[in-house]
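What follows is the residue order along each chain.
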Amino acid sequence: MTDRKIRIATTSLAGCFGCHMSFLDIDEQLVQLNERIEFNRSPLTDIKHCGPSDIGLIEGGVCNADNVRVLREFRANCKILIAVGACAITGGVPAMRNYFDLRECLEEVYLHGAGVTNPQIPDDVELPLLLDKVYPIQEVVPVDYFLPGCPPPADAFLAILLPLLNGEASPQVADRRFYYD
Amino acid sequence: MTETKDMIFIDGKAIGFMEGQTIMDAALSAQVYIPHLCHYPGLTPSGNCRLCVVEADGRKVAACTTAAREGQQISNNTAELNAARKAITQMLFVEGNHICPSCEKSGNCKLQAMGYYLSMLEEHYPQFNPHRALDASHPDIFLDRGRCILCGLCVRASHDVDKKNVFAIAGRGADARLIVNTVSGKLGDSNLDVSDLAANICPVGAIMFKEHGYVTPIGERIYDRQQISDVALNEHVREERR
């Protein structure tokens, strides 16, 4: 991993983009990092499909059919896949719907919820189908590394990325860097 | 400290013990940490979380329920045992509904702290997503069984210390669940009080006080500042009762 820039792809599935914000929070070190990396598909580039990349960062869990498609595209194209943040790793806050049936959730939100007018459950073909549960990404595809936290602190991104950029196989990140909350 | 005659050896370190002490008792009196969740010094040990698994003279036993015996050679802080403990912790996580970012117990939670201590980065096993009843009938205390790890601390605290017998574990295996000993089964019909040990001893976010959310901000809580391996060395029921 030397001559060409390391290609990184990122996405947010059922996430809040908080992990992406935390990644950007490495501030001026992003400039240094930028000399060594280039972004492929990412909310930062607006590239729509993931091309062959070295590292994929996945934020958010898997809540619908489109998340599954995107996640599989990342796995197929990224040599190293990293689950970033509580939602990717456990389903996180969106997974709180797992304690209810999907139909219950839809009816509560679109039929019986407070302030609902013209009650109907959306069924446009353009809308991705919701899964029965929100799943951690490692229940859908194999994942190489996990970066816990809600969100992981900015320097945790560097702690895992820099060794990978240097071609080290298994970055050891200091434990106390992580909190699950 | 009373005179000690007998010795056990934990990871090679000689530790004195008194007749009747368990391996856990002896370890804690010597300020040696053996990971545990369902044990709390001062309460009768129950040996149900299995995190305190140690190898005593070649056999894997629960340190909290195994008597210390003269000359015992005990392995505790080894890669193999810690890997087993991590797997147990991961199973506890997937078995319940443990969503740290939205839980008020976050930072004060021993299950979470155990995850930190054992460098647990992910849950590994598929989640159960159980549907378990929530009980908000008590004016000051609510019970979320989704976060209960069935450690039985509240059961023992209520029975042994508070003398109220508010809680019990019903069912076995996958059907095991925390129940309330009232005709209605509701916490609101019990005489549980916020000052009871049973209401304060829950290691996770299953028994929590109402109207006290985020009094201590995230980041300033017990396990935000200290490792569980340090905190656990100074815990005893008599401290809680002061």
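Every value quoted in this text rests on a predicted model; they were computed, and no experiment measured them.

**Q** Sorry, what's going on with the overall build of chain B here?
**A** Secondary structure assignment for chain B yields eight helices and ten strands. If one aligns the C-alpha atoms of chain B with their principal axes, the spans along those axes are about 50 × 40 × 35 Å. The buried share of chain B, reckoned over its 242 residues, is 41%. When contacts within chain B are restricted to residue pairs at least 6 apart in sequence, those whose partners lie at least 24 apart make up 65%.

**Q** I'm lost on the overall build of chain A in this one. Help?
**A** If you tally the helices and strands in chain A, you get six helices and seven strands. Written out in order from the N terminus, the α and β elements of chain A read β-α-α-β-β-β-α-β-α-α-β-β-α. Compactness check: chain A gives a C-alpha radius of gyration of 18 Å against a globular reference of 16 Å for 181 residues, within 12% of the reference. Projected onto its principal axes, the C-alpha positions of chain A cover 55 × 35 × 30 Å. Looking at chain A residue by residue over its 181 residues, the buried ones come to 39%. Taking the contacts inside chain A whose residues are at least 6 apart along the sequence as the reference set, 78% of them involve residues at least 24 apart.

**Q** Would you mind going over the sheet that holds strand 2 (residues 37-39) of chain A with me for this structure?
**A** Backbone hydrogen bonds hold the strands of a sheet together, and the pairing may be parallel or antiparallel. Residue and element names in this part refer to chain A. Strand order across the open sheet formed by five strands is 2-1-3-5-7, with parallel pairing between neighbours. Of all strands in the sheet, those bounded by a partner on one side alone are strand 2 and strand 7 (145-147). Averaged over neighbouring strand pairs, the angle between their axes works out to 30 degrees when direction is ignored. Across the sheet, helix 3 (residues 65-77) lies against strand 1 (6-12), strand 3 (53-59) and strand 5 (78-84), angled at about 135 degrees from strand 5, the strand it touches most.

**Q** Whenever I open this one, the interface of chain B and chain A confuses me. Can you help?
**A** Frequently, the measure chosen for interface size is the accessible area that the parts lose on association. In this assembly, 19 residues from chain B lie in contact with 19 residues from chain A. Grouping the amino acids of the side of chain B that touches chain A by side-chain chemistry returns seven nonpolar, ten polar and two charged.

**Q** Where do I start with unusual backbone geometry in this structure?
**A** Excluding glycine, residues mostly carry a negative phi; peptide bonds, for their part, are mostly trans. Here the residue pair A:C150 and A:P151 is connected by a cis peptide bond, since its omega of -5 degrees sits within 30 degrees of zero. Structurally, A:P151 can be placed in the loop between strand 7 and helix 6 (154-165). At B:D57, a position not held by glycine, the phi torsion is positive, near 50 degrees. Locating B:D57 in the fold gives a position in the loop between strand 3 (53-56) and strand 4 (59-62). The exposure class assigned to B:D57 is exposed, which follows from the 12 C-beta atoms found within 10 Å. Within the chain, B:Y214 stands out as a residue other than glycine whose phi angle is a positive 60 degrees. Looking at where B:Y214 falls in the secondary structure, it is placed in the loop between strand 10 (207-209) and helix 6 (222-225).

**Q** Help me understand the domain arrangement of chain B, please; the structure alone is not making it clear to me.
**A** Residues and elements named next belong to chain B. The assigned domain composition of chain B is domain 1 (7-130 + 214-242) and domain 2 (131-211). Each of domain 1 and domain 2 has a C-alpha centre, and the two are 21 Å apart. If you look at the interface, domain 1 gives 22 residues, while domain 2 gives 21 residues. Going through the elements one at a time, helix 3 (110-117) and helix 8 (237-240) are the ones with two or more residues in the side of domain 1 that touches domain 2.

**Q** How should the pairing of strand 1 (residues 6-10) of chain B be read in this particular structure?
**A** Regular strands have side chains that alternate between both faces of the sheet. Residues and elements named next belong to chain B. Examined bridge by bridge, strand 1 and strand 2 (residues 13-17) share five bridges and lie antiparallel to one another. Residue F9 lies in a different strand from strand 2, and its bridge partner there is A14. Between the end of strand 1 and the start of strand 2, which pair antiparallel, lie two residues, with D11 showing a positive phi angle near 50 degrees. Bridge count for strand 1 against strand 5 (residues 73-75) is two bridges, and the pairing is parallel. Within the sheet, the bridge partner assigned to I10 lies in strand 5 and is I74.

**Q** Explanation requested: the nonpolar core in the structure shown.
**A** Side chains of nonpolar character tend, in soluble globular proteins, to be buried together. If you look at the biggest cluster of nonpolar residues, it comprises 101 residues, and the most contacted ones within it are A:I58, A:A83, B:I23 and B:A63. When residues of this core are assigned to domains, at least three map to each of domain 1 (7-130 + 214-242) and domain 2 (131-211) of chain B. Those residues in contact with A:A83 that lie beyond four places of it in its chain are A:I58, A:A88, A:I89, A:I137, A:Q138, A:V143, A:F146 and A:L147.

**Q** Would you mind showing me how to read helix 4 (residues 153-161) of chain B here?
**A** One full turn of an α-helix is made of 3.6 residues, so residues set three or four places apart face in the same direction. All names here are of chain B. Turning to helix 4, its buried residues are L153, C154, V155, R156, A157 and S158. Packing partners of the buried residues in helix 4 comprise strand 8 (167-170), helix 5 (197-200) and strand 10. Positive phi shows up at K163, right after helix 4, with a value of about 60 degrees.

**Q** Can you help me understand the sheet that holds strand 10 of chain B in this one?
**A** Taken in spatial order, the three strands make up an open sheet running 6-7-10 (chain B), and their pairing is antiparallel. Edge positions in the sheet fall to strand 6 (134-135) and strand 10 of chain B, since each of these pairs with one other strand and no more.

**Q** Sorry if this is basic, but what is going on with the environment of B:Y117 here?
**A** Residue and element names in this part refer to chain B. Within the fold, Y117 resides in helix 3. Judged by the 22 C-beta atoms lying within 10 Å of it, Y117 is buried. Not counting the four nearest positions on each side in its chain, Y117 is found in contact with P35, Q227, I228 and S229.

**Q** Would you explain helix 2 (residues 79-95) of chain B in this entry?
**A** All names here are of chain B. In this model, helix 2 (17 residues) spans 24 Å end to end at C-alpha, consistent with the 24 Å of a helix rising 1.5 Å per residue. Buried within helix 2 are the following residues: R85, K86, T89, L92 and F93. For helix 2, the angular spread of the buried residues around the axis is 120 degrees, confining them to a single face. Exposed side of helix 2, more than 90 degrees from the buried face: E80 and A83 are the residues found there. Buried residues along helix 2 sit against strand 3 and helix 3.

The rules behind these values
Residues numbered from 1 in each chain as written. Chains lettered and ligands numbered in written order. Predicted model: local features only at pLDDT ≥ 70, side-chain atom pairs only at ≥ 80, totals over all residues. Helix = DSSP H or I, 4+ residues; strand = E, 2+ residues; numbered from the N terminus. Buried ≥ 20, exposed ≤ 12 C-beta atoms within 10 Å, placed from the backbone. Contact = placed C-beta atoms within 7 Å. Rg over C-alpha atoms; globule rule 2.2 N^0.38 Å. Pairing = 2+ DSSP bridges. Axes fitted to C-alpha atoms, helices over the stretch in contact; angles between N-to-C directions. Nonpolar A, V, L, I, M, F, W, Y, C, P; charged D, E, K, R; others polar. Domains from an automatic or database assignment. Core = buried A, V, L, I, M, F, W, Y, C linked by C-beta atoms within 7 Å. Expected span 1.5 Å × (residues − 1). Arc of directions from axis to C-beta.

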